[in-house]
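Descriptive structure summary
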Amino acid sequence: MQKPKLVYSTFIRTTPKELWAAITKPEFTRQYWGGATNISDWKKGSKWEHHFEEEADPVFIVGKVLESIPPKRLVISWATPENPKDKSRVTFEIEQVEDMVNLVVTHDQLKSGSPMTKKVSWGWPRVLSSMKSYLETGKGLNIFAGRKKR
Amino acid sequence: MQKPKLVYSTFIRTTPKQLWAAITKPEFTRQYWGAGVNVSDWKKGSKWEHVFEDEPRTVGITGKVVESVPPKRLVLTWAAPDKLADRSRVTFEIEPLEDMVNLIVTHDQLKAGSAMTKGVSSGWPRVLSSLKSFLETGKGLTLTCGH
């Protein structure tokens, strides 16, 4: 069965540098990603972690930086700490288009029907919408709106 | 070969009524949808047209209103005026969620690899991004319409 590949293309009135910073710098990320941050030195080969600082167990996602070309391209592997070998891959492509940026996020190498696939299919539209609101209006969205408590 | 189905889900800080108005009222639509506006009485069975208002005034897309449940659901058929038999379908679903709205646009019944499919695959992310910017900041994005 073909592995699912999620592709999200959005246009944001911002600059590539600001968008890169929003993804990679915790002081910005936590303002739109529901309080979560992405922790890494963002060098190829380095570890990266997705943290929810308010949780008792803050590390939610782990992986490696596969490619890093600031501010144009970032590719990371993506897995839970409990199942680090069950890896998928996220690519951020940032392209300047006139006075905007086209951000294309591809999440592939997922397992069809898995809880992770369902979670990220639910999450990416919310996170990316919130990111756009943050960059254009200074305020993110409540990405957890309507979700049942875990 | 399976017919392509494009699905776009976006969350916008607005109300269902404002979102419905942005899609259906030319005075709003022209502020974010490039040079085009959507013209119809939006009643089930009525005609609708996507009209380019620059000179000369041209109809870019035409179709019928299949379902209309303001401000929650709008389903239209979609075809180029010179290729009416080549119809696809667009569904707008508008769901309120706290202080936001989740807009899900589904464009299906498309022909795999056709010029229309390529055009709308490239167009929807731009139009929907511009729609969100318009509703949240008062200003749409720069859209160059390829017509």
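Criteria and cut-off values
Residues numbered from 1 in each chain as written. Chains lettered and ligands numbered in written order. Predicted model: local features only at pLDDT ≥ 70, side-chain atom pairs only at ≥ 80, totals over all residues. Helix = DSSP H or I, 4+ residues; strand = E, 2+ residues; numbered from the N terminus. Rg over C-alpha atoms; globule rule 2.2 N^0.38 Å. Buried ≥ 20, exposed ≤ 12 C-beta atoms within 10 Å, placed from the backbone. Pairing = 2+ DSSP bridges. Axes fitted to C-alpha atoms, helices over the stretch in contact; angles between N-to-C directions. Contact = placed C-beta atoms within 7 Å. pLDDT = per-residue confidence, 0-100. Nonpolar A, V, L, I, M, F, W, Y, C, P; charged D, E, K, R; others polar. Core = buried A, V, L, I, M, F, W, Y, C linked by C-beta atoms within 7 Å.

1. What about the overall build of chain A?
Scanning chain A from N- to C-terminus turns up three helices and seven strands. Going residue by residue from the N terminus, the α and β elements of chain A occur as β-α-α-β-β-β-β-β-β-α. Taken against the 2.2 N^0.38 rule, which gives 15 Å for 150 residues, the C-alpha radius of gyration of chain A at 15 Å falls within 12% of a compact globule. With the C-alpha coordinates of chain A rotated into their principal frame, the extents come out at 40 × 30 × 30 Å. Relative to its 150 residues, chain A shows a buried fraction of 31%.

2. Description of the sheet that holds strand E2 (residues 36-39) of chain B
All names here are of chain B. If you trace the seven strands from one edge of the open sheet to the other, you get E1-E7-E6-E5-E4-E3-E2, paired in antiparallel fashion. With one partner strand each, in any of the chains shown, strand E1 (6-12) and E2 form the two edges of the open sheet. Taken over all neighbouring pairs, the strand axes of this sheet differ in orientation by 20° on average, direction set aside. Sheet strands touched by helix H3 (residues 115-137): E1, strand E6 (88-97) and strand E7 (100-108). Its angle to E1, the strand with the most contacts, is close to 5°.

3. Some words on the confidence of the model for chain B
Here chain B shows a mean pLDDT of 94. Residues at 70 or above account for 96%. Confidence metrics for the complex model read pTM 0.95 and ipTM 0.94.

4. A few points about the interface of chain B and chain A
When the parts of a complex come together, some accessible area is lost, and that lost area is often used as the size of the interface. In this complex, chain B contributes 16 residues to the contact, which on the side of chain A involves 18 residues. Counting residues per element, the side of chain B that touches chain A draws most heavily on H3(B), which supplies seven residues. For the side of chain B that touches chain A, the class distribution of residues is five nonpolar, six polar and five charged.

5. Overview of the pairing of strand E4 (residues 59-69) of chain A
All names here are of chain A. In this structure, strand E3 (residues 47-52) lies alongside E4, joined through five bridges in antiparallel fashion. Pairing of Lys-47 across the sheet is with Lys-64, part of E4. What sits between E3 and E4 in their antiparallel hairpin is a turn of six residues. As defined by bridge partners, E4 adjoins strand E5 (residues 73-78) across four bridges and the pair is classed as antiparallel. Among the inter-strand pairings, Ser-68 is bridged to a residue of E5, identified as Leu-74. Taken together, E4 and the strand that follows it, E5, pair antiparallel across an intervening segment of three residues.

6. Some words on the nonpolar core
Counting residues in hydrophobic clusters, the biggest one holds 54 residues, and the most contacted among them are A:Leu19 and B:Leu19. For B:Leu19, the contacting residues outside a window of four places in its chain are B:Ile12, B:Thr14, B:Pro71, B:Ile94, B:Val101, B:Leu103 and B:Leu135.

7. Looking at the sheet that holds strand E6 (residues 88-97) of chain A
All names here are of chain A. The antiparallel open sheet is built from seven strands, whose spatial order is E1-E7-E6-E5-E4-E3-E2. Of all the strands in the sheet, the pair left with one neighbour each is strand E1 (6-12) and strand E2 (36-39). Each neighbouring strand pair of the sheet contributes to a mean axis angle of 20°, computed without reference to strand direction. On top of the sheet, helix H1 (residues 16-24) reaches E1, E2, E5, E6 and strand E7 (100-108); it is set at about 155° to E6, its chief contact. In the packing of helix H3 (residues 115-137) onto the sheet, contacts are made with E1, E6 and E7, and the angle to E1 comes to roughly 5°.

8. Some remarks on unusual backbone geometry
The amide bond that connects A:Pro70 to the next residue, A:Pro71, takes the cis arrangement and shows omega of -5°. You can see A:Pro71 is positioned in the loop between E4 and E5. Residue B:Pro71 follows B:Pro70 across a cis peptide bond; omega there is -5°. Turning to its location among the elements, B:Pro71 is positioned in the loop between strand E4 (58-69) and strand E5 (73-78). In this structure, A:Trp42 takes a positive phi of about 65° despite not being glycine. Relative to the assigned elements, A:Trp42 resides in the loop between E2 and E3. The class for A:Trp42 is partly exposed, based on 17 C-beta atoms found within 10 Å. Of note in the backbone geometry, B:Glu98 takes a positive phi value of approximately 55° without being a glycine. You can see B:Glu98 is positioned in the loop between E6 and E7.

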